[in-house]
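# Structure assessment
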Amino acid sequence: MDDGADGGGGRRGGISARLTRYGAFLGTALAIASLLTLAGPAVTAEAASYCSGRVVRTVPFSGGEVVVHKKAGYVCAATVARRSGPRRAMSVGVQARGNREVLDRGRYRSHAGPVVVHAGNRCVRVSGSVGGRSVRSGWIMC
């Protein structure tokens, strides 16, 4: 016969045991959420703060990605490294068809650029590099 000594009305793992398990689960979930918040935004979200307008293309490569934005006929691009760290050679370039390429080249920790050109409705070509890794698109946004 059960005399209710376990506090659960005859079942193992009474209310206090269930609350303890729930508390442990909740604590773990909060810890994971905190770590994700501290980890920071994704690469592309980070690049959004460098250029205004809407993202029209992302050109990925092994060292990072070149994020291309467009607003009112202007094209803006930034190369964002996959991982920020010590200063290293980075570049970003944008060329509107019929014009010269505009470059930002130097030693940066996390990103090169932004570079802005007026393209109107012309095609553009973008390039980017991080360390020894690079990418160059063909004519895009035609």
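Note that the structure is predicted; figures quoted are calculated from it, not measured. Counting of residues starts from 1 at the beginning of each chain's written sequence and follows it residue by residue. Local features in this predicted model are restricted to residues whose pLDDT is 70 or higher, and side-chain atom pairs enter the listing and the counts only when it is 80 or higher, whereas totals over whole chains, interfaces and linings include all residues. Excluding hydrogens and water, the side-chain values take into account all heavy atoms of the structure.

## Regarding the overall build of the chain
Every helix listed is a DSSP run of H or I at least four residues long, and every strand listed is a run of E at least two residues long, numbered separately from the N terminus. Secondary structure summary: the chain contains two helices and eight strands in total. Sorting the 142 residues of the chain into buried and exposed places 33% on the buried side. Considering only residue pairs separated by 6 or more positions, the chain has 44% of its internal contacts joining residues 24 or more positions apart. When the accessible area of the chain is evaluated, it comes to approximately 8,900 Å², of which 55% is carbon and sulfur surface. Burial here depends on accessible area, computed with a 1.4 Å probe over protein chains only, as a share of the maximum for the residue type. Under 20% is buried, over 50% is exposed, and the range in between is partly exposed. Contacts were defined at the residue level, with two residues in contact if any of their heavy atoms lie within 4.5 Å. Note on areas: these come from Shrake-Rupley sampling with a 1.4 Å probe, and a residue is covered only by the protein chains present in the view.

## Some details on the sheet that holds strand S8 (residues 133–136)
If you walk across this open sheet you meet the four strands as S5-S4-S7-S8, and the pairing is antiparallel. The outermost strands of the open sheet, each flanked by one partner alone, are strand S5 (102–108) and S8. Averaged over neighbouring strand pairs, the angle between their axes works out to 5 degrees when direction is ignored. Strands qualify as paired when DSSP identifies two bridges or more between them. Here four bridges tie strand S7 (residues 124–130) to S8, and the two strands are oriented antiparallel to one another. An axis is simply a line fitted to the C-alpha atoms; with a helix, the fit covers only the stretch in contact. Between two such axes, the angle follows the N-to-C directions and lies from 0 to 180 degrees.

## Digging into the packing of aromatic side chains
Stacked, edge-to-face and tilted are the three classes for Phe, Tyr and Trp ring pairs, Trp counted by its six-membered ring, which pair at centre distances within 6.5 Å; planes under 30 degrees apart are stacked, over 60 edge-to-face, the rest tilted. Scanning the entire structure with this criterion turns up zero aromatic pairs. It is Arg 97 that lies over the ring of Trp 139; its NZ or CZ is 4.5 Å from the centre. Ring-over charges, as used throughout, are those where CZ of Arg or NZ of Lys falls within 6 Å of the ring centre and within 35 degrees of the ring normal.

## Looking at the sheet that holds strand S6 (residues 111–118)
By definition, the strands of a sheet pair up through backbone hydrogen bonds, in either a parallel or an antiparallel sense. Read across the open sheet, the four strands follow the order S1-S2-S3-S6; overall the sheet is antiparallel. Since the sheet does not close on itself, it has two edges, and those belong to strand S1 (54–61) and S6, each with one partner. Across the sheet, the mean angle from the axis of one strand to that of its neighbour is 15 degrees, orientation sign disregarded. Pairing of S1 with strand S2 (residues 64–71) involves seven bridges; the strand directions are antiparallel. What sits directly across from Arg 57, in S2, is Val 68.

## What about the pattern of salt bridges?
Put simply, a salt bridge is a Lys or Arg side-chain nitrogen that is within 4 Å of an Asp or Glu carboxyl oxygen. Summed over the entire model, instances satisfying the criterion amount to one salt bridge. Between Glu 101 and Arg 136 there is a salt bridge, and its shortest N-O distance comes to 3.6 Å. One end of the pair, Glu 101, is in the loop between strand S4 (88–96) and S5; the other, Arg 136, is in strand S8, with 35 residues separating them in the sequence.

## Some remarks on the environment of Ala 78
Within the element layout of this structure, Ala 78 appears in strand S3 (residues 74–81). Along the sequence, Ala 78 and Val 116 sit 38 residues apart, while their C-alpha atoms lie 9.2 Å from each other. Not counting residues within four places of it along the chain, the set of residues in contact with Ala 78 comprises Tyr 50, Glu 65, Val 66, Val 67, Val 92, Ala 112 and Pro 114.

## Considering the pairing of S2
Extensive coverage of S2 is indicated by the burial of six of its eight residues. From the end of S1 to the start of S2, which pair antiparallel, there are two residues. Both S2 and S3 contribute to a ladder of eight bridges, which runs antiparallel. Note that in S3 the partner of Val 66 across the bridge is Thr 79. Linking two consecutive strands that pair antiparallel, namely S2 and S3, is a turn of two residues; a positive phi of about 50 degrees is found at Ala 72 within it.

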